[in-house]
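Observations on the three-dimensional arrangement
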Amino acid sequence: MTVGIRIPAELPAAAEAYAEAGIKVFRVRRNKTPYANCVRCDRQSSLYVKHRPEDCQCGVPTCHGFWAATTDVTLVRRWWAEEPDANIGAPCKLNGWAVIDIDPRNGGNESYQALEKRVGVLPGTTMQLTGGGGLHMLYRSPDFDLPGLLGPGIDFKHNGYILLAPSVHASGGRYQWAGSGEYMAPTVAWPAALLPRKRRQAPPPRATPRHRFPAQGNRQQRPGGGRMWTVADLVQHVMDSHDGGRNNAFFFAACRAHELAEQNLIDLGEAQMGLLSAASAVGLTDSEARASFDSASTRPSDRGWVA
Ligand SMILES: [Zn+2]
Ligand SMILES: [Zn+2]
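Residues numbered from 1 in each chain as written. Chains lettered and ligands numbered in written order. Predicted model: local features only at pLDDT ≥ 70, side-chain atom pairs only at ≥ 80, totals over all residues.

1. Describing the overall build of the protein
Counting its secondary structure elements, the protein contains seven helices and nine strands. Across the protein, the fraction of contacts at a sequence separation of at least 24, relative to all contacts at a separation of at least 6, is 71%. (Helix = DSSP H or I, 4+ residues; strand = E, 2+ residues; numbered from the N terminus. Contact = placed C-beta atoms within 7 Å.)

Structure (structure tokens):
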């Protein structure tokens, strides 16, 4: 049984409590304006020295956004003494977390329901209420990068950061750990059903083979005519593709995305973003994926498959 950590109500004390618990934190201004990099880390500066953020040697503790996050309690105390109302940011991957971020303002609840319908109920884990009506579900990070977008209103936060309680949401509400309000370190692994198929070690929780790539004429696309592809379905289709089939799977999904967007059933930009991040998760290069996505739009119509 994991012991929870009580989080003080004031931001400076809370930031220290996280650092003491071994959670890397950094300051995030209320208006999200990033802290400027030093001249050696600023790409626009003539004194810029080319380096990756993770290899930075400049010694200035605020450079490179979330890469500055630290468990150094002295430094954390100094940061929040300088700016007591700064929100508390925590990088996900650097803390060993992979986070599902559900934003109901953008259709996240519907996407989440569609997701659970498809892969089953997700395992219970550490959850945070975002202060804006949204929800974070924190899982243990897998050892490779996850794509960024699952569907409208649902993000995977992995190679990024989240704000921690009691940070103040843009809407004015405060972030808060669900339940007792204590922080519990996530102990549940990222759900296998949400991994690209080739990364899944264990079989997915449901044994049903997921042949959701129907023979021609098998799937109705029009409203009222049966099940429709959503952006999340298309993303999952790419993530489920095998090594040899991922180009085809991506192209298939890209064609469906263009068709659905033509009928105003999905947002093309949203689909593109999701599919490109899924493509990178299954090992396609960004340029391959973009070229394929674009060519899908100019492809002569073979709408026959929708019957
Ligand atoms: Zn620097
Ligand atoms: Zn640097």
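2. Re helix α6 (residues 268-281)
Here α6 contains 14 residues, and its C-alpha end-to-end distance of 20 Å stays within 8% of the 20 Å for a straight helix at 1.5 Å per residue. Residues of α6 that are buried include every one of A271, Q272, G274, L275, L276, S277, A278, A279 and A281, and no others. Positive phi appears at G283, one or two residues downstream of α6, with a value of about 100°. (Expected span 1.5 Å × (residues − 1). Buried ≥ 20, exposed ≤ 12 C-beta atoms within 10 Å, placed from the backbone.)

3. Describing the confidence of the model for the protein
For the protein, the average pLDDT comes to 83, and 85% of its residues sit at 70 or higher. When the elements of the protein are averaged for pLDDT, strand β6 (residues 149-151) gives the smallest value, 74, and helix α1 (residues 11-20) the largest, 98. Below pLDDT 50 for its whole length, residues 202-226 participates in 22 contacts with residues either more than four positions away or in separate chains. Residue range residues 302-307 is modelled with pLDDT below 50. Its contacts to residues more than four positions away, or to other chains, number seven contacts. (pLDDT = per-residue confidence, 0-100.)

4. Re helix α2 (residues 73-82)
Along α2, the residues that are buried comprise V76, W79 and W80. Buried residues of α2, seen end-on, are gathered within an arc of 85° and therefore sit on one face of the element. In this structure, α2 carries T74, R78, A81 and E82 as exposed residues pointing more than 90 degrees from its buried face. The secondary structure elements touched by the buried residues of α2 are α1 and β1 (26-28). (Arc of directions from axis to C-beta.)

5. Side note on the environment of F251
By the secondary structure assignment, F251 is in helix α5 (residues 246-262). According to the C-beta neighbour criterion, F251 is partly exposed, with 17 such atoms within 10 Å. Spatially, the C-alpha atoms of F251 and V238 are 9.0 Å apart, while their sequence positions differ by 13 residues.

6. A look at the nonpolar core
Among the nonpolar cores identified, the biggest contains 70 residues, and Y18, V25, V238 and L275 are the most heavily contacted of them. With seven residues, α5 is the largest single contributor of residues to this core. Of the residues that make up this core, three or more belong to each of domain 1 (11-194) and domain 2 (211-306). (Core = buried A, V, L, I, M, F, W, Y, C linked by C-beta atoms within 7 Å. Domains from an automatic or database assignment.)

7. Quick look at unusual backbone geometry
Look at the link from A165 to P166: it is a cis peptide, with omega at 0°. Tracing the backbone shows P166 in the loop between β8 (161-164) and β9 (176-177). Not every positive phi belongs to a glycine, and K32 is a case in point at roughly 70°. For K32, the location among the structural elements is in the loop between β1 and α2. Given 10 C-beta atoms within a 10 Å radius, K32 is considered exposed. Here the phi dihedral of H64 falls at roughly 65°; this positive angle occurs in a residue that is not glycine.

8. Quick notes on the packing of α6 against helix α7 (residues 286-298)
Direction vectors running N to C along α6 and α7 enclose 140°, while the axes themselves pass 9 Å from each other. It follows that α6 is oblique to α7 by the angle criterion. Of the two elements, α6 crosses α7, and the hand of that crossing is right-handed. Contact with α6, carried on its side by Q272, L275, L276, A279 and S280, involves D286, A289, R290 and F293 of α7 and no other residues of that element. Of the residues belonging to the contact of α6 with α7, the class tally is five nonpolar, two polar and two charged. (Axes fitted to C-alpha atoms, helices over the stretch in contact; angles between N-to-C directions. Parallel < 35°, antiparallel > 145°, perpendicular 65-115°, else oblique. Left-handed = near helix turned anticlockwise from the far one by under 90°. Nonpolar A, V, L, I, M, F, W, Y, C, P; charged D, E, K, R; others polar.)

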